[in-house]
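What the coordinates show
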Amino acid sequence: MERSYYFTLPQAYQAVDQPRQSVSYPIRNANERHWTTQFNSISELTFDGRYGYLYYYEFWMNQEENIPVYTSMGDLHLVYPLLSNSPLRQIHRSQEFVMDFVEGRGAYLYLAKGEYKLKIPKGHHIMVGFILDAGLFRPPANRHFSFLQDLIIAKKAQSKRSITSVTFRVGIITKRQLKLLFSRINPNILDNEHLILKHMIFLIQLSRFKLRDDGHEILIDRARNLLQLMILHQGAKVKLSDIAEVLLVTRHHLNDEHKKHYGCKFISYRHQVLLDHIASIIVSNDKLLATAEECGFSSTTELNAFIKKQTGLTSLNFKQLQ
């Protein structure tokens, strides 16, 4: 995907082969660049994927800096400020656009073509971003992303005005997912683009559950939908505490709500969704180990035990039934 976001560093910054400090979230096979001055250090890691462009900036600043930023075309961005003791502020040079990047608050942006200034205060800061293909949000998949429609329309029209979405929480699950993606990028394998797209779609889907409830969906249905999404992506690794963390409730509350609306414990629903996920995968794999790995189990023994407990069948008999 074409890159459209560039820093124009002041002349005082010198390119170096190795940064003074180690990057906090290394990205496998990324293109790396590092710059230093007497007081500041900046590291840039980028990866050009077919369906999304990934960029990562880490700043170690002993002096505040204003960095010119240029965008060569209007693009849709998903940005995660992972670390910052005070906000980074991006300002368009010729229009009334100001965006504060605050630790723990992600955002979607449409950044119009033009010149910006990024104000970086003293301190240690990390910002991760994706340039997204707006085609990901075509109907009917866009029905859950009404909060992005103005940005998507602006991208398609190449609007001259930059706009942002509402912000959303960035928690431990998002950080865990980003680190997992960073560790798996490998342009030497055929399914690398599929892997990047899969992780990126999961992050996009996850973001909508971090927004304030719009009233169209009761809490337990949001929890069930989130559980389905996470099991599809992570399988047996998903815990009910993960769902509770995203929705800012307790496991006990989710369990009570599930029993009230659906007549069974939430953990029972989790096991059924996971079993259905296994059933959809097990028939296409010759070896049980491949199914175990794809479904998030640590071993075939763990997979066997889960199937036996839920169905009373061996894994082979369960596979034959599908």
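The rules behind these values
Residues numbered from 1 in each chain as written. Predicted model: local features only at pLDDT ≥ 70, side-chain atom pairs only at ≥ 80, totals over all residues. Heavy atoms only, no water. Helix = DSSP H or I, 4+ residues; strand = E, 2+ residues; numbered from the N terminus. Rg over C-alpha atoms; globule rule 2.2 N^0.38 Å. Buried < 20%, exposed > 50% of the residue type's maximum accessible area, 1.4 Å probe, protein only. Contact = heavy atoms within 4.5 Å. Areas by Shrake-Rupley, 256 points an atom, 1.4 Å probe, with all protein chains shown as cover. Lys, Arg positive; Asp, Glu negative; His and termini not counted. Charge placed at Lys NZ, Arg CZ, Asp CG, Glu CD. Pairing = 2+ DSSP bridges. Axes fitted to C-alpha atoms, helices over the stretch in contact; angles between N-to-C directions.

Here's the deal with the overall build of the protein chain
Looking only at helices and strands, the protein chain has ten helices and 14 strands in total. Radius of gyration (C-alpha) of the protein chain: 22 Å, near the 20 Å computed for a compact globule of 322 residues. Along the first, second and third principal axes, the C-alpha set of the protein chain runs to 70 × 45 × 35 Å. The proportion of buried residues among the 322 residues of the protein chain is 50%. For the protein chain, long-range pairs separated by at least 24 residues make up 69% of all intrachain contacts whose partners lie at least 6 apart in sequence. Summed over its atoms, the accessible surface of the protein chain is roughly 16,000 Å², and 50% of this surface lies on carbon and sulfur atoms. Side chains of the protein chain give 40 positive and 30 negative charges; the mean places of these two sets differ by 3 Å.

A closer look at unusual backbone geometry
Notably, Gln 158 is not glycine yet its phi reads approximately 50°, a positive angle. Relative to the assigned elements, Gln 158 resides in the loop between α1 (149-157) and β13 (163-164). You can call Gln 158 partly exposed: its relative accessible area is 35%. The backbone phi angle of Leu 248 is positive, close to 60°, even though this residue is not glycine.

Focus: the sheet that holds strand β9 (residues 98-101)
Strand order in the open sheet formed by five strands is β1-β6-β11-β8-β9, and the pairing between neighbours is antiparallel. Sheet topology places β1 (5-7) and β9 at the edges, where each strand pairs with a single neighbour. On average, each strand axis in the sheet is inclined to that of its neighbour by 25°, with strand direction left out of account. Two elements, strand β8 (residues 88-92) and strand β11 (residues 114-120), share four bridges in a ladder whose sense is antiparallel. Paired with Arg 89 across the strands is Lys 119, a residue of β11.

So, the pairing of strand β4 (residues 40-48)
A regular strand carries its side chains on alternate faces of the sheet. Most of β4 sits out of view: eight of its nine residues are buried. Inspection of the sheet shows strand β3 (residues 31-36) paired to β4 by six bridges, in the antiparallel sense. Pairing of His 34 across the sheet is with Ser 43, part of β4. Where β3 folds back on β4, the antiparallel hairpin that results is connected by three residues. Both β4 and strand β5 (residues 52-61) contribute to a ladder of nine bridges, which runs antiparallel. By the bridge assignment, Leu 45 is partnered in β5 with Tyr 56. Hairpin connection of β4 to β5: three residues between the antiparallel strands.

Keep in mind these numbers describe shape, not what the thing actually does.
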